[in-house]
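# Structural overview for review
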Amino acid sequence: MVGIDQSFAGLAGGYLQCLLSGNGDGAWHLVKQAMADGVPIRDLYLQVFQPCQYEVGRLWEANEATVAQEHYCTAATQTIMSRLHARVFSAERTGRSAVVVGVGGELHEIGARMVADFLEMKGWDTRYLGPNLPPDEISRNVIAHDPDLVCLSCTMTYHVSLVEQTVAGLREAKARAKVLVGGLPFNRDPELWRRTGADGWAPDAGSLVDWLRAAAW
Amino acid sequence: MTLRFAVRCNAAGIITEVLRGAAPLGVPFLDLLDGGSLGKARRFVAQVALQGAVSGWEFNVLAGDSAEAVQFTGLLDDDGGYRIIAANLPPGFEQAARLHNELVSSQRDLGRQNASLERVNRELQQFAATVSHDLRAPLRNIRLLIGLFESKAPQLLDERAALWLSHIVANAERMQRLLDRTLEYASAEGAPLRLEAVPLNEVVDVTANPYVTRGDLPAVQGDRVQLERLFQNLFDNALAYRREETPRIEVHARPAGSYWRIAVSDNGLGIASADQSRIFEMFGRVNPRGEGVGIGLATCRQVVHRHQGEIWVKSGLGEGSTFYVTLPAAATSPELGSRPVDGIAIADH
Ligand code: B12
């Protein structure tokens, strides 16, 4: 998983404090300031947004944050990510394309969006289908758009079987794309992805794009 | 919040009695929960034993092949067993998450489309710049050759040929203007803005246009070169569509929030209201026989938009035209707020 760089601890801490107290504007202000100071989007995503989401989950588990707070943090971070779009989508196109989607029933979507945004920042054309699509819908979409890469995201352990089904469906439909999987269950058990029939796995959006580049995909 | 279930457990955590709602008997209470909540639930049980009463803990309860967040209260009984009350969180959380996900997904789509439109736009600008630049050289040669013809071989031309040649020259000149303006338009888009406080008095005066009079104008936050281009084009446009009488162009300013609204009015032909929406478009020329090439006002709009301002026109056929432009006030404009109207009193248009 992502090693958290201590130099971002202050920023991430301030950001989380803002969100836990319901101050989305304050959080956005910190992000804007960080960008003005030259912090790249990649670090904002992986060193601020992601660890803060994990921390919110931990606080909930420790009974120090409520579901309402967690919802607020998530919604505010999603909104802030939207406000970074102009920077995310400005990369030079490479002509490669990807479909990114959360498997059926999944409501967790920040991870999948990060994956899509990271690909976009590397010049991929991404089609982000949201977090909540059943296997045959995914197959239909992939066949229709014929991307080079399919990224399946899954957070709930009980959705891993849906990932398997989706991969099987894609193979059956003879989709040309390589299929990668990722999300919490695969991070907890780094061998789990093999069971899904996918072509690969990456622990986070940053290592995904690094790996794609190293493999010259 | 509505009650989901209330159960009694023995000291080992096995459900021994269902007090309210539906829950299985004889199984460990922890079995009702999603695996991700177990650690938290164990701490909850420990807290109940320690404090006697604990409330407001949220865990995820298995429901079919998914899980739902539920709020728990625990009460210790004298025999070491405990009662557990589970309440559903207010409905709508999940729905809200779903709707929000949809919203941000469509925002993302819009963001992507926007970016690709901008890319296409940039490519078009570049194309226009390249083409107009490359066309200028052959055009120059044509004009040079015609000039040679006229000066060195006038005896070869009869009256009709001379007339035709003069038409060719006029057209070549027109084409030259068209290319210059296209190039100007295309290159303005790409050039980064160099923002500074620019006194509009200087910008207007530098055009040295004898038909222009102005009030005392403020300083705006802008790119001097582009602002000069803006006013130059507005004045050129006014002159291109002048009437027989002596042209008169007036420039005034009044504050509009953190912006200045500049009015450039002329006594020219005016623009029919049906044509007013077209004039700011590329080649949106109203009078095809006029001198304009139909790029000037598009350039104006481009410059104004790049300064986060607006441009519009108020006019009627035969009434002259007033072009309004809003531009951000200079960062340290002392005039703003302290002086409501510029030196020359004008009626609000
Ligand atoms: C926010 C959140 C929610 C929000 C999500 C809203 C939204 N729009 O996303 C809501 C409130 C909807 C929610 C609901 C639920 N949640 Co929740 N949620 C979280 C929380 C706090 C943060 C998730 C997050 O945003 N992470 C940040 C992103 C950036 O990280 P990520 O997902 O890991 O993604 C990265 C990598 O995994 C990887 N990656 C992800 N996908 C892919 C794909 C590919 C191809 C690749 C290569 C890489 C990759 O790259 C990403 C970016 O770097 C987590 C806590 C946690 N530790 O994760 C709990 C958590 C995931 N939720 C949990 C639970 C139990 C639930 C619910 C059952 C609770 C309930 N009762 O309602 C429901 C289930 C809903 C459903 N059907 O999906 C548990 C899951 C336990 C488990 N796995 O079994 C967690 C861990 C909390 C906990 N400790 O109990 N949740």
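Here is a short report on the structure shown in this document. (Residues numbered from 1 in each chain as written. Chains lettered and ligands numbered in written order. Predicted model: local features only at pLDDT ≥ 70, side-chain atom pairs only at ≥ 80, totals over all residues. Heavy atoms only, no water.)

Bringing the pairing of strand S12 (residues 321-328) of chain B into the picture now. Residues and elements named next belong to chain B. For S12, the tally of buried residues reaches eight of eight residues, placing the bulk of the element in the interior. Of the two faces of S12, the one carrying Ser 321, Phe 323, Val 325 and Leu 327 and the one carrying Thr 322, Tyr 324, Thr 326 and Pro 328 are both buried. Bridge count for strand S10 (residues 259-266) against S12 is seven bridges, and the pairing is antiparallel. In the strand pairing of S12, Tyr 259 is matched with Pro 328. In the sheet, strand S11 (residues 311-315) pairs with S12 via five bridges, with the strands oriented antiparallel. Within S12, the residue paired with Ser 315 across the bridge is Ser 321. Linking S11 to S12, which pair antiparallel, is a turn of five residues; within it Gly 318 sits at a positive phi near 80°. (Buried < 20%, exposed > 50% of the residue type's maximum accessible area, 1.4 Å probe, protein only. Helix = DSSP H or I, 4+ residues; strand = E, 2+ residues; numbered from the N terminus. Pairing = 2+ DSSP bridges.)

Bringing the coordination of the cobalt atom of the ligand into the picture now. For the cobalt atom of the ligand, the protein supplies a single donor, His108(A) (NE2), at a distance of 2.2 Å. Among the structural elements, His108(A) can be located in the loop between strand S1 (97-102) and helix H6 (110-121). (Donors = N, O, S within 2.8 Å, 3.2 Å for Na, K, Ca; no water.)

What follows concerns the sheet that holds S11(B). All names here are of chain B. Spatially, the five strands line up as an open sheet ordered S7-S9-S10-S12-S11, and their pairing is mixed. The open sheet has two edge strands with one neighbour each: strand S7 (212-214) and S11. When the angles between neighbouring strand axes are averaged without regard to direction, this sheet yields 25°. When S7 meets strand S9 (residues 249-256), the two strands line up parallel, connected through three bridges. Looking across to S9, one finds that Val 212 is bridged to Ile 249. Across the face of the sheet, helix H5 (residues 224-240) comes into contact with S7, S9, S10 and S12 while running at roughly 175° to S12. (Axes fitted to C-alpha atoms, helices over the stretch in contact; angles between N-to-C directions. Contact = heavy atoms within 4.5 Å.)

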